[in-house]
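Residues per chain are reported as follows:
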Amino acid sequence: MKVFRYEIASEPVTVHVPETTNDLDEFWEWFYQARGRGPIAVDTETTGLDVFSSTFRLRTVQFGDAHDAWVLPYERGGYFASSARDALARARHILIHNAPYDWLVLDRHAGIPLEDLAPWTTDTRVLAALIDPRQPQEGGIGTGLKPLSAYWVDPASPDTQAGLTAVFRSLGLTKETGWAGIPLEDPTFLLYAGLDVLLTARLEPKLRRELARLGVRPELVTYEHEIARLCAHMQRTGLVLDLDYTHQLDRRLRDDAQQYADQAARYGVTNVNSTAQLAEAFVGMGETLTERTDSGAVKVDKAVLSRLADLSLQGEPLDTRTPNPLAVAVLRSKRAGKWGKAYARTFLDTVDAAGRVHPFISPLAARTGRMSITRPALQTLPSSDAMIRRCLLADDGHVVISTDFSAVEMRVLAALADVRRMKEAISGGEDLHDFTARLVFGRNFTKAHRKLAKAIGFGKVYGGGAQTISRQSGAPIEDVQRALRAYDKLYPEIRRAASRWQREAFQTGMVSISATGRRLPLDRDRTYAVTNYMCQSAARDVLGQSMLNTESAGLLEYCRLPIHDELLASVPKKEAEEIAREFEKCMTWPLYGVPIEAEAEIGGRSWGSLYGADY
DNA sequence: CTTCTCACG
DNA sequence: ACGTACGTGAGAAGT
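Structure report, in brief.

**A word on the overall build of chain A**
- On a plain count of helices and strands, chain A comes out with 23 helices and 20 strands.
- Relative to a compact globule of 615 residues, whose C-alpha radius of gyration would be 25 Å, chain A shows 27 Å and is just as compact.
- For chain A, the spread of C-alpha atoms along the principal axes amounts to about 85 × 60 × 55 Å.
- With 615 residues in all, chain A has 54% of them scored as buried.

**With respect to the packing of aromatic side chains**
- This model, assessed by the stated rule, comprises 14 aromatic pairs.
- Aromatic side chains Trp30 and Trp70 sit 6.1 Å apart centroid to centroid with 35° between the ring planes, which places their arrangement in the tilted category. Of this pair, Trp30 sits in helix α1 (residues 21-37) while Trp70 sits in strand β5 (residues 68-72), and the two are 40 residues apart along the sequence.
- The buried category is assigned to Trp30, whose relative accessible area is 7%.
- A centroid spacing of 6.4 Å and a plane angle of 90° characterise the contact between Phe31 and Phe63, whose relative ring orientation is edge-to-face. Note that Phe31 is positioned in helix α1 and Phe63 in strand β4 (residues 58-64), a separation of 32 residues in sequence.
- On the basis of relative accessible area, Phe31 is assigned to the buried category, the value being 0%.
- Judged by relative accessible area, Phe63 falls into the buried class, the value being 1%.
- Taken together through their ring pairs, the aromatic side chains of Phe27, Trp28, Trp30, Phe31, Tyr32, Phe63 and Trp70 make up a single cluster.
- When the ring centre of Trp607 is taken as reference, the NZ or CZ atom of Arg389 above it lies at 4.7 Å.
- Taking NZ or CZ as reference, Arg390 lies 4.1 Å from the ring centre of Tyr245, over its face.

**As for the pattern of salt bridges**
- Within this structure, the stated rule accounts for 38 salt bridges.
- Linking Glu75 and Arg57 is a salt bridge whose minimum nitrogen-to-oxygen distance equals 2.3 Å. Taken together, the positions of Glu75 in the loop between β5 and α2 (78-90) and Arg57 in the loop between β3 (40-46) and β4 put the pair 18 residues apart, joining distant regions of the chain.
- With relative accessibility at 36%, the residue Arg57 sits in the partly exposed group.
- Among the ionic pairs, Arg236 bridges to Glu115, the shortest N-O distance being 2.6 Å. You can see Arg236 sitting in helix α10 (residues 218-237) and its partner Glu115 sitting in helix α4 (residues 114-117), a full 121 residues away along the chain.
- Exposure remark for Arg236: the relative accessible area of 21% places this residue in the partly exposed category.
- Overlapping salt bridges bring together Glu224, Arg518, Arg540 and Asp541 as one network.

**A few points about the side chain of Lys460**
- Considering the arrangement of structural elements, one finds Lys460 in helix α18 (residues 447-462).
- Lys460 sits in the buried class, given a relative accessible area of 16%.
- The contact partners of Lys460, leaving out residues within four places of it in the chain, are Leu413, Leu484, Tyr487, Asp488, Ile494 and Thr531.

**A closer look at the packing of helix α15 (residues 408-416) against helix α16 (residues 420-427)**
- Where α15 meets α16, the axes come as close as 8 Å, and the angle between the chain directions of the two elements is 130°. Taken together, the axes of α15 and α16 are oblique relative to one another. Note that α15 runs across α16; the crossing there is left-handed. Two secondary-structure elements touch here, α15 through Met410, Arg411 and Ala414 and α16 through Met422, Lys423 and Ile426.
- Split into classes, the residues belonging to the contact of α15 with α16 amount to four nonpolar, no polar and two charged.

**What to know about the protein's contact with DNA strand C**
- Surveying the vicinity of DNA strand C reveals 29 residues, the closest of which are Asn271, Arg375, Thr468, Tyr528 and Tyr533.
- Among all atoms of DNA strand C positioned within 4 Å of the protein, those belonging to sugar or phosphate total 71%.
- Ser274 has a polar side-chain atom sitting 2.9 Å from a phosphate oxygen of DNA strand C.
- At a separation of 3.0 Å, a phosphate oxygen of DNA strand C approaches a polar backbone atom of Arg367.
- Elements with a contribution of two residues or more to the surface near DNA strand C: α14 (325-350), β11 (372-374), α18, α19 (466-473) and α22 (530-552).
- Here the surface near DNA strand C gets four residues from one element, more than from any other, and that element is α19.
- Of the residues that constitute the surface near DNA strand C, the class distribution is nine nonpolar, 13 polar and seven charged.

**Digging into the sheet that holds strand β9 (residues 356-357)**
- Spatial ordering of the open sheet is given by β9-β8-β12, a layout of three strands whose pairing is antiparallel. Edge strands, defined here as strands with exactly one partner in the open sheet, are β9 and β12 (392-393).

**A few points about the protein's contact with DNA strand B**
- In the vicinity of DNA strand B there are 25 residues, among which Thr293, Ser295, Lys302, Ser383 and Asp565 approach most closely.
- Here DNA strand B approaches the protein such that, of its atoms within 4 Å, sugar and phosphate make up 83%.
- Here Lys334 contributes a side-chain N or O atom positioned 3.4 Å from a sugar or linking oxygen of DNA strand B.
- For DNA strand B, a base oxygen lies 2.9 Å from a polar atom in the side chain of Lys338.
- Top element by residues in the surface near DNA strand B is α14. It accounts for five residues.

**Let's talk about the state of the cysteines**
- Counted under the stated rule, the structure contains zero disulfides.
- We note that Cys231 lacks a disulfide partner, and the nearest cysteine sulfur, in Cys559, lies 10 Å from it.
- Cys231 gets classed as buried once you look at its relative accessible area, which sits at 0%.

Analysis parameters
- Residues numbered from 1 in each chain as written.
- Chains lettered and ligands numbered in written order.
- Predicted model: local features only at pLDDT ≥ 70, side-chain atom pairs only at ≥ 80, totals over all residues.
- Heavy atoms only, no water.
- Helix = DSSP H or I, 4+ residues; strand = E, 2+ residues; numbered from the N terminus.
- Rg over C-alpha atoms; globule rule 2.2 N^0.38 Å.
- Buried < 20%, exposed > 50% of the residue type's maximum accessible area, 1.4 Å probe, protein only.
- Phe/Tyr/Trp six-rings, centres within 6.5 Å; stacked < 30°, edge-to-face > 60°.
- Lys NZ or Arg CZ within 6 Å of the ring centre and 35° of its normal.
- Salt bridge = Lys/Arg side-chain N within 4 Å of Asp/Glu carboxyl O.
- Contact = heavy atoms within 4.5 Å.
- Axes fitted to C-alpha atoms, helices over the stretch in contact; angles between N-to-C directions.
- Parallel < 35°, antiparallel > 145°, perpendicular 65-115°, else oblique.
- Left-handed = near helix turned anticlockwise from the far one by under 90°.
- Nonpolar A, V, L, I, M, F, W, Y, C, P; charged D, E, K, R; others polar.
- Near = heavy atom within 4 Å.
- Polar contact = N/O pair within 3.5 Å; in protein donor to acceptor, adjacent residues only side chain to side chain.
- Pairing = 2+ DSSP bridges.
- Disulfide = S-S within 2.5 Å.

Have a look at this one:
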């Protein structure tokens, strides 16, 4: 047995590393005693983050409480691996920091199903995010184990990740190769592996106490763990990648980017992504660039380039001037380059051996509680063109279904601010922006009137003023100001609620979301954003509740991605109609008496089929 | 590491 | 006193 002694918060702690079968008997003795005393912290060390790649390996599984950690060398197999598996199966209450990752590691590489582990897990990262969702750069503690431990457990707690990176370097390894390459006997590796569970075990009671002190409802904590499990479930399922098409697309985009870069080079631009070079070249061609960025540099973005290229932002010819050929080439090269690299290439880089991509779905990523999806960022695929979404497919024999909420943030606003006439309009089934336009501009309102009514609705939800609404919608500022006054008269509850919320936020530095009891920190100099925090966060919880409804209805196996106001699914072709109605039912329910409604769209085999692609 | 740009809801 | 559009992830350049 290897034994390391260390000190956390002035208390001695011990890290045990079993080396023989006899050592494992000692582990089991500790395990049963510890299980009787309370929860057991669990962590894993692995070869990397790419859980679904064929080269991924599970190296160690750690167990611990506040004083003892046990690092089981899973990689050695045999009794070491089976002990880790048995202990996980017999644990009653498990603490994990960032559980979705370890759930999926243990599910895929230790044969412990997510379904068996998740119900027994408390995720300290979830607890921390409910206390303060802000990242360090936003003034929060962050949700990493290191900063949380430093704040709640021991200011001197070691940065185990940074410490290991140093060890990697001394062994001639890098941050990328270190996790796979470091010998299983390395003392720093083993010590730090043990410290992570000791810190997690000590973090949990502190976070629990703080949640109680803040009055956070236990139901919210439970709800967030359920949502985390559903997200992990979707991540495990993943989406089928059309490999042939994606390879072809990857090549085509690379060729396009190169071809248009070559065109740009004829005008002296060697790098289409260099705004400085572009600015210089355009000035040399006699163009005038007036816009500046925040830091005072010449702004050369898509809007500027499109104007020079005589194109609308959607890429349609405007016929207002002679198109600048450099601007046209740069727009095309940049788009092809980015779409190729960020999407097509990332799909191919992350696809597993079975041909599926498994994006990281982070259930509590944004400070409003919104979920985020990374690697690949499937929430941000281009929607103006089906070419990228066309890469992703429903399962064999399935079709895609996308079920969207209808104007969910406006409905949430109507519910939270109790907006009488808005609620009447929604309940009456009338299109909300039509309704608003009719009451503000009269019976014969035009399309432009509806557009302005919609823009004002957005302005309310985002906390914007007349100037921004005017800029965004293109309507003259006077018209916007007049319409805003009429809007406030029509829906007086919005302004009243907004100032009430702002006052609260200013006094407490906090926004509290009534539906779930979530609390969000808001800077005192940004209280204008309070309405957005309310709407965005409550809408996220509407999606969360709807996801739980889909599980209750037996639809979880079909769910693929949550996209803020939409659930993407893959369902058997023959049952698509029926299942689509089921999804709509799960996502249609009243929030404080306001109907939240959703509409399902059935596509073909590829996600792109919902965006105009044939297949 | 910061800035700029661009994709989404 | 006044008004402020919100929230993300990601690539590339430049410091």
